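Next come the chains, spelled out residue by residue.
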Amino acid sequence: MPILKWVRYGAWTAVAIVAFVSAAILLGWWRVEGPGRADMVGQNEPAVGGPFTLVNHAGKTMTDMEFRGRPMAVFFGFTNCPEVCPTTLVQMANLTKQIGPAADRLQVLLITVDPERDTPEQLALYLQSFDPRVVGLTGSREQVDAVLKAYKAYAKKIPTDNGYTMDHSASVYLMRADGSFRTMIDYHEEDTSALAKIRMVLE
Amino acid sequence: MNRLIMGAVAAALSFAHLPTVASAHDYAVGSLKIGHPWARATPPSAKVGGGYLKIENSGTVPDRLLGGTTEAAARLEIHESTFTDGIARMREQTDGVAVEPGETVELRPNAIHLMLVDLKGPLKQGDKVKATLRFEKAGSVEVEFQVQGIGAKPQATPDHATH
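Quick caveat: nothing in here was measured; it's all calculated off a predicted structure. (Residues numbered from 1 in each chain as written. Chains lettered and ligands numbered in written order. Predicted model: local features only at pLDDT ≥ 70, side-chain atom pairs only at ≥ 80, totals over all residues. Heavy atoms only, no water.)

1. So, the overall build of chain B
Piece 1. Along the backbone of chain B there are 2 helices and 11 strands.
Piece 2. For chain B, the proportion of its 163 residues judged to be buried stands at 42%.
Piece 3. Considering only contacts within chain B whose residues lie at least 6 apart along the sequence, 68% involve residues at least 24 apart.
Piece 4. For chain B, the exposed surface amounts to about 8,400 Å²; the carbon and sulfur share of it is 55%. (Helix = DSSP H or I, 4+ residues; strand = E, 2+ residues; numbered from the N terminus. Buried < 20%, exposed > 50% of the residue type's maximum accessible area, 1.4 Å probe, protein only. Contact = heavy atoms within 4.5 Å. Areas by Shrake-Rupley, 256 points an atom, 1.4 Å probe, with all protein chains shown as cover.)

Rendered as structure tokens:
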């Protein structure tokens, strides 16, 4: 009976389609919401930060390990920067002052994005105007590029008529005492929220 | 009686002056008024510094700040700072800053501002820095920048200061 045969084929086709769609939905749930989702299997974590080897403003080679055990506030800047960099350093000093002695644990780091011009001597002179606890870091172009990459920070040399300037990430990275990334303070962030964020890494 | 009136007048005058003490530091050229030029002190090794001011055009024709010169640096340029996606950028504005009639333009930190490029020495808080500003139509005017603290913010406008 050909008609019955076609009905049977049709029915099996429908069963196959339903089975396929169900499997796809189940697989989708498994990977997006269920036990197989990315953050459950340890993928896709925003790994900001990491090891670095740089030279401080006294000319001494330093790695990230020397700051381990203390939360860090990491800022990328350069000494030929008239606004963002001084403003940020002054703001960080004001914020830590408001928090008081509890903020003494926080290590503020200024990492130059312009190692060609920012020698340790240049950084040392520059930092005379700010909180003496700030550590300035420079290094070879490769060393600086490596830390920029680890922090997913941006820096680009922009030629001008008389030399060049730098475009650069203007946020402060707040790192936990174990060196892991916690959060960022934006350039225009209100003091109250910046204070709350610093307190989070001091805990 | 006279002394009483004089005293009252003096008191009234000094009181009337209070809100504008810091900005009682204006210059004029043509129909332009330049309000309170100030600069930020710079760290010892800095080669650049920011200069800020207000320009009010009470005339009927548009004008344009083209730049100028200063005793404190090799060049006085106009730059614009911008922030997008957490990235700070600064670019020279080679065609200057337009000041439309009836408008006030403020050159301030993190926006369009003057840049003292190749400083001859650090700018120190309390210093006064001579400069000449050049406008397209009004011509040149000599001003003095008051150097404020390194992280100084623009003062509140007189409107706000009185509240």
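2. Quick notes on the environment of Pro115(A)
All names here are of chain A.
Piece 1. Inspection of the secondary structure assignment puts Pro 115 in the loop between β4 (107–112) and α3 (120–127).
Piece 2. The exposure class assigned to Pro 115 is buried, which follows from its relative accessible area of 9%.
Piece 3. Sequence spacing of Pro 115 and Trp 29 is 86 residues, and the spatial spacing of their C-alpha atoms is 49 Å.
Piece 4. Pro 115 has contacts with Thr 138, Gly 139, Ser 140, Arg 141 and Val 144, leaving out every residue within four places of it along the chain.

3. Details of the sheet that holds β4(A)
Residue and element names in this part refer to chain A.
Piece 1. With respect to topology, 7 strands assemble into an open sheet ordered β2-β1-β5-β4-β3-β8-β9, the strand pairing being mixed. The sheet is open, and its two edges are formed by β2 (61–63) and β9 (181–185), each paired on a single side. Put simply, the sheet's adjacent strands are angled 35 degrees from each other on average, direction ignored.
Piece 2. Strand direction decides the pairing type here: strand β1 (residues 53–56) and β2, joined by 3 bridges, are antiparallel. Looking at the pairing, Thr 53 lines up with Thr 63 of β2. (Pairing = 2+ DSSP bridges. Axes fitted to C-alpha atoms, helices over the stretch in contact; angles between N-to-C directions.)

4. Overview of the environment of Met62(A)
Residue and element names in this part refer to chain A.
Piece 1. The topology assignment puts Met 62 in strand β2.
Piece 2. We classify Met 62 as buried; its relative accessible area is 10%.
Piece 3. Taking the C-alpha atoms as reference, Met 62 lies 8.1 Å from Phe 52; in sequence the two are 10 residues apart.
Piece 4. Every residue in contact with Met 62, bar those within four places of it in the chain, is listed here: Phe 52, Thr 53, Leu 54, Asn 56, Phe 67, Val 135 and Leu 137.

5. Concerning the interface of chain A and chain B
Piece 1. On the side of chain B, 30 residues touch chain A, which itself brings 28 residues to the contact.
Piece 2. Taking both partners together, chain A and chain B bury about 2,100 Å²; carbon and sulfur atoms supply 54% of that area.
Piece 3. Summed over the shared surface of chain A and chain B, the result is 2 salt bridges.
Piece 4. Summed over the shared surface of chain A and chain B, the result is 10 residue pairs in polar contact (both at pLDDT 80 or more).
Piece 5. Looking at the side of chain A that touches chain B, the elements with two or more residues in it are α2 (84–99), α3 and β7 (163–169) of chain A.
Piece 6. Its residues placed into classes, the side of chain A that touches chain B shows 13 nonpolar, 12 polar and 3 charged.
Piece 7. Strand direction decides the pairing type here: β7(A) and strand β6 (residues 87–92) of chain B, joined by 2 bridges, are antiparallel. (Buried area = accessible area lost by both parts, 1.4 Å probe. Salt bridge = Lys/Arg side-chain N within 4 Å of Asp/Glu carboxyl O. Polar contact = N/O pair within 3.5 Å; in protein donor to acceptor, adjacent residues only side chain to side chain. Nonpolar A, V, L, I, M, F, W, Y, C, P; charged D, E, K, R; others polar.)

6. Here we look at the pattern of salt bridges
Residue and element names in this part refer to chain A.
Piece 1. According to the stated counting rule, one finds 15 salt bridges over all chains in the structure shown.
Piece 2. Across the salt bridge formed by Arg 133 and Asp 104, the nearest N and O atoms sit 2.7 Å from each other. Placement of the pair is Arg 133 in the loop between α3 and β5 (135–138) and Asp 104 in the loop between α2 and β4, with a sequence separation of 29 residues.
Piece 3. By relative accessible area, which is 43% here, Arg 133 ends up partly exposed.
Piece 4. Between Lys 197 and Glu 189 there is a salt bridge; the shortest N-O distance is 2.9 Å. For the pair Lys 197 and Glu 189, one class covers both residues: buried.
Piece 5. Connected through shared salt-bridge partners, Asp 104, Asp 131 and Arg 133 make up one network.

7. Side note on α3(A)
All names here are of chain A.
Piece 1. Of the residues making up α3, those classed as buried are Pro 120, Gln 122, Leu 123, Tyr 126 and Leu 127. Viewed along the axis of α3, the buried residues span an arc of 160 degrees, placing them on a single side of the element.
Piece 2. Looking at the buried side of α3, the elements it contacts are β1, α2, β4 and β5. (Arc of directions from axis to C-beta.)

8. Re the confidence of the model for chain B
Residue and element names in this part refer to chain B.
Piece 1. For chain B, the mean per-residue pLDDT works out to 86, and 80% of the residues sit at or above 70.
Piece 2. Scored below 50 in pLDDT, residues 13–23 shows 9 contacts in the model against residues more than four places distant or in partner chains.
Piece 3. Low confidence marks residues 157–163, where pLDDT is under 50. Its contacts with residues over four positions away, or in another chain, come to 7 contacts.
Piece 4. What the predictor reports for the complex is a pTM of 0.78 with an ipTM of 0.76. (pLDDT = per-residue confidence, 0-100.)

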